[in-house]
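Structure assessment
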Amino acid sequence: MKRVLITGAAGFLGSHLSDRFIKEGYQVVGMDNLLTGNIQNIEHLFPLKEFEYYHHDITKFIHVPGKLDYILHFASPASPIDYLKMPIQTLKVGALGTHNLLGLAREKKARILVASTSEVYGDPLEHPQSEEYWGNVNPIGPRGVYDEAKRFLEAITMAYHTFHQVDTRIIRIFNTYGPRMRVEDGRVLPAFFSQAIRGEGLTVFGDGSQTRSFCYVDDLVEGIYRLLLSDYNQPVNIGNPDECTILQFAQEILDLVGNPKAFIDYRPLPVDDPKVRQPDITKARNLLGWEPKVPRAEGLQRTFDYFKTVVKPG
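This one's a predicted model, so the numbers in the text were calculated from it and none came from an experiment.

A complete count under the given rule lists 16 aromatic pairs for this structure. Judged by centre distance (6.1 Å) and plane angle (55°), the rings of Tyr 26 and Tyr 70 are tilted. Here the residue Tyr 26 occupies a position in the loop between helix H1 (12-23) and strand S2 (27-32), and Tyr 70 occupies one in strand S4 (residues 70-73), the gap between them amounting to 44 residues. Using a relative accessible area of 11% as the deciding quantity, one classes Tyr 70 as buried. Through a chain of ring-to-ring contacts, three or more aromatic side chains come together here, namely Tyr 177, Phe 192, Phe 214, Tyr 216 and Phe 249. A cation sits over an aromatic face here: Arg 20 above Tyr 225, 4.4 Å from the ring centre.

Okay, here's the thing in structure tokens:
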């Protein structure tokens, strides 16, 4: 049985990855310090012999006894609320945490996949964003702690690949949504759903003309799984190229939730908020045979079914 370490295992993506790898017949070692993760996301796995859990901060020395075949590095604050509140921890997990895990991969002779993000493109001047685009990032702006943590993560991963011959993979994740997102996450989808269910104003920054591309979590997990098992070591975008404006997205949520009290609440645009975000997934299509399958309407319905269980209506 292959053994995989998943960091950030109690988070939104980490918990879905834990489910998928157990389903595929792997022994899963979940690691999380619960800084932003939720133990309830993986409680259903605790009775399984295929799952073990380490409560640990990966910015400290990491020891995992026994063999490891794969490492999936998904530990990091990932929403603007989190990384504005915890800027130092965000930088440390991208730098020290990644360094520790690359060292562990080298020691165990394990293949490691690190989770980068579309934020490495910053407020892009190229649209859609291909992997060859170097980005437009403000390193000292409020979002810089997250953007630069992920850019460093990519740089040190490639350094370990070229200098130490560590077997590495890099995924650049675009906006993803689905069950287990935190209600107070601060990102647009949990905010819109919780606000609509409570009958509050849906916070739209600026005039809502900025765009995002939303990928359902099951599609993303499939892309991660295929990339891990591929033989490609350069960064790969995984996301849904079906772009929409934030205002359009807010209206879709309002229509789906159907709470007559909810409305659109316009607010000033935050500093360095990207105006456009759309992945070029040519590489994922050609190299992995991957593209998203779940239409936004279906994904939003599944996600709404989850949020109804965790948000009290108003």
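Okay, the nonpolar core next. Ranked by size, the top nonpolar core spans 61 residues in total, and within it Phe 21, Leu 72, Phe 74, Ile 171 and Ile 253 carry the most contacts. For this core, the element with the highest residue contribution is helix H6 (residues 217-228), accounting for seven residues. The residues contacting Phe 74, other than those within four sequence positions of it, are Thr 7, Gly 8, Leu 13, Leu 17, Leu 113, Ala 115, Ile 171, Ile 173 and Ile 224. Among the nonpolar cores identified, the runner-up in size contains 22 residues, and Ile 62, Ala 105, Val 114 and Leu 153 belong to it.

Turning our eyes to something else, we now look at the packing of helix H5 (residues 188-198) against helix H9 (residues 296-310). At a closest axis distance of 11 Å, the pairing of H5 and H9 adopts a crossing angle of 60°. On the basis of the axis angle, H5 is oblique to H9. For the element pair H5 and H9, the recorded crossing hand is right-handed. Across the interface between the two elements, Leu 189, Pro 190, Phe 193 and Ile 197 of H5 pack against Leu 300, Thr 303, Phe 304, Phe 307 and Lys 308 of H9.

A regular strand places its side chains so that they alternate between the two faces of the sheet. Among the six residues that make up strand S6 (residues 168-173), six are buried, leaving the element largely enclosed by the rest of the structure. Here S6 shows a buried face lined by Thr 168, Ile 170 and Arg 172 and a second buried face lined by Arg 169, Ile 171 and Ile 173. Tracing the backbone out of strand S5 (residues 111-117), into helix H4 (residues 144-164) and back to the parallel element S6 gives a crossover that is right-handed. Pairing of S6 with strand S11 (residues 236-238), which is carried by three bridges, proceeds in the parallel orientation. Along S11, the bridge assignment pairs Arg 172 with Asn 237.

Here the structure, examined in full by the defined rule, presents 26 salt bridges. One salt bridge connects Glu 148 with Arg 151, and the closest N-O pair in it is separated by 3.4 Å. Highlighted residues: Glu 148 and Arg 151, both in helix H4, separated by three residues, approximately one helical turn. Arg 296 is the partner of Asp 242 in a salt bridge, and the nearest nitrogen-oxygen pair spans 3.2 Å. Placement of the pair is Asp 242 in the loop between S11 and strand S12 (243-245) and Arg 296 in helix H9, with a sequence separation of 54 residues. Since its relative accessible area comes to 39%, Asp 242 is described here as partly exposed. Several salt bridges converge on common partners, so that one network encompasses Arg 20, Glu 24, Glu 222 and Arg 226.

What follows concerns the sheet that holds S11. Taken in spatial order, the seven strands make up an open sheet running S3-S2-S1-S4-S5-S6-S11, and their pairing is parallel. On the outer flanks of this sheet lie strand S3 (51-55) and S11, each paired with one strand and no other. In this sheet, neighbouring strand axes are inclined to one another by 20° on average, regardless of whether the strands run parallel or antiparallel. Bridge count for strand S1 (residues 3-7) against S4 is four bridges, and the pairing is parallel. In the sheet register, Val 4 faces S4, and the bridge partner there is Tyr 70. Here H4 sits on the sheet and contacts S4, S5 and S6; the angle it forms with S5, its principal contact strand, is near 155°. Together, S4, S5, S6 and S11 form the strand contacts of H6, whose direction differs from that of S6 by roughly 160°.

The rules behind the values
Sequence order as written defines residue numbering, which begins from 1 separately in each chain. Reporting in this predicted model follows two pLDDT cut-offs: at least 70 for local features of residues, and 80 or more for side-chain atom pairs to be given and counted; totals over whole chains, interfaces and linings ignore these cut-offs and use all residues. Side-chain numbers come from the whole structure's heavy atoms, not from hydrogens or water. Each Phe, Tyr or Trp ring, with Trp reduced to its six-membered ring, pairs with another whose centre is within 6.5 Å; inter-plane angles below 30 degrees give stacked pairs, above 60 give edge-to-face pairs, and intermediate values give tilted ones. A helix here means a DSSP run of H or I that spans at least four residues, while a strand means a run of E at least two residues long, and both kinds are numbered starting from the N terminus. When a residue's accessible area, from a 1.4 Å probe over protein chains only, is under 20% of the maximum for its type it is buried; when over 50% it is exposed; and in between it is partly exposed. Lysine NZ or arginine CZ positioned within 6 Å of the ring centre and within 35 degrees of the ring normal marks a charge as sitting over the ring. Here the nonpolar core consists of buried residues drawn from Ala, Val, Leu, Ile, Met, Phe, Trp, Tyr and Cys, with membership extended through side-chain atoms lying within 4.5 Å. In this description, contact between two residues means that some pair of their heavy atoms is separated by no more than 4.5 Å. Orientation is described by axes fitted as lines to C-alpha atoms, over the contacting stretch for helices, and by angles from 0 to 180 degrees between their N-to-C directions. Angles below 35 degrees are treated as roughly parallel, those above 145 as roughly antiparallel, those between 65 and 115 as roughly perpendicular, and all remaining angles as oblique. Whether a crossing is left-handed or right-handed is set by the direction in which the near helix is turned from the far one by less than a right angle, anticlockwise for left-handed and clockwise for right-handed. Orienting the strands away from the viewer, one traces the path from the first strand over the helix to the second; a clockwise path indicates a right-handed crossover. When DSSP finds two or more bridges between two strands, those strands count as paired. A pair is scored as a salt bridge if a Lys or Arg side-chain nitrogen falls within 4 Å of a carboxyl oxygen belonging to Asp or Glu.

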